[in-house]
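An overview of the molecular structure
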Amino acid sequence: MSPLSLPVEQMTEFALQRLLAAPGRAHALPRAMAVQWPDHPVLDLTLALSLAASGLETSFASATDQSAARDAWRVAALLAVDLHEMQRHGLPHGRAADLLDYWRRHDPFFLT
């Protein structure tokens, strides 16, 4: 039995493809993922980004790929911070769509 659900595997593949195709654009991934999977838990996005970062670190050796891995780790951490802030302020935080609302109202970093 696979420890990951199919959506997380799909999210991870989506993230890897985007990271490899557009180096330096990791900050655009959370928004794209939230739009693609609005009803999935926020932590699924964070997990998928972390798995993509780890995959890049271990499977790709170029400096560009290693930089993309570091960017993906940073984005995953920032996503977790946003989730923490949403919880701390009693805002809805269960679904990826809640992230989009939070970003529109409180922190537009991932929308730019």
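This report concerns the structure included in the present document. (Residues numbered from 1 in each chain as written. Predicted model: local features only at pLDDT ≥ 70, side-chain atom pairs only at ≥ 80, totals over all residues. Heavy atoms only, no water.)

1. What to know about the nonpolar core
- Membership of the largest hydrophobic core comes to 32 residues, with the highest contact counts inside it found for Leu19, Leu29, Met33, Leu45, Leu49, Leu99 and Trp103.
- When residues of this core are traced back to their parent elements, those giving at least two are helix 1 (6–21), helix 2 (29–36), helix 3 (42–59), helix 4 (63–88) and helix 5 (96–105).
- Of all the elements, helix 4 adds the most residues to this core, at eight residues.
- If near-sequence neighbours (up to four positions away) are discounted, Leu45 is found in contact with Met11, Pro30, Met33, Ala34, Leu79, Ala96 and Leu99. (Core = buried A, V, L, I, M, F, W, Y, C linked by side-chain atoms within 4.5 Å. Buried < 20%, exposed > 50% of the residue type's maximum accessible area, 1.4 Å probe, protein only. Helix = DSSP H or I, 4+ residues; strand = E, 2+ residues; numbered from the N terminus. Contact = heavy atoms within 4.5 Å.)

2. Examining the pattern of salt bridges
- In this structure the tally under the stated criterion is four salt bridges.
- Across the pair Arg74 and Asp71 runs a salt bridge whose closest N-O atoms are separated by 2.7 Å. One end of the pair, Arg74, and the other, Asp71, are both in helix 4, three residues apart, so they sit about a helical turn from each other.
- A relative accessible area of 48% means that Arg74 is categorised as partly exposed.
- The class of Asp71 is partly exposed, set by a relative accessible area of 21%.
- One salt bridge in this structure joins Asp101 and Arg104, with 3.2 Å as the shortest N-O distance. With Asp101 and Arg104 both in helix 5, this residue pair falls three residues apart, about one helical turn.
- Since its relative accessible area comes to 34%, Asp101 is described here as partly exposed. (Salt bridge = Lys/Arg side-chain N within 4 Å of Asp/Glu carboxyl O.)

3. Let's talk about the packing of aromatic side chains
- All told, the structure shown has three aromatic pairs when counted by the stated rule.
- Where Trp103 meets Phe110, the ring centres are 5.1 Å apart and the plane angle is 50°; that geometry is what we call tilted. Across the pair, Phe110 and Trp103 agree in class, each one buried.
- By the ring-pair criterion, three or more aromatic residues cluster together here, those being Trp103, Phe109 and Phe110. (Phe/Tyr/Trp six-rings, centres within 6.5 Å; stacked < 30°, edge-to-face > 60°.)

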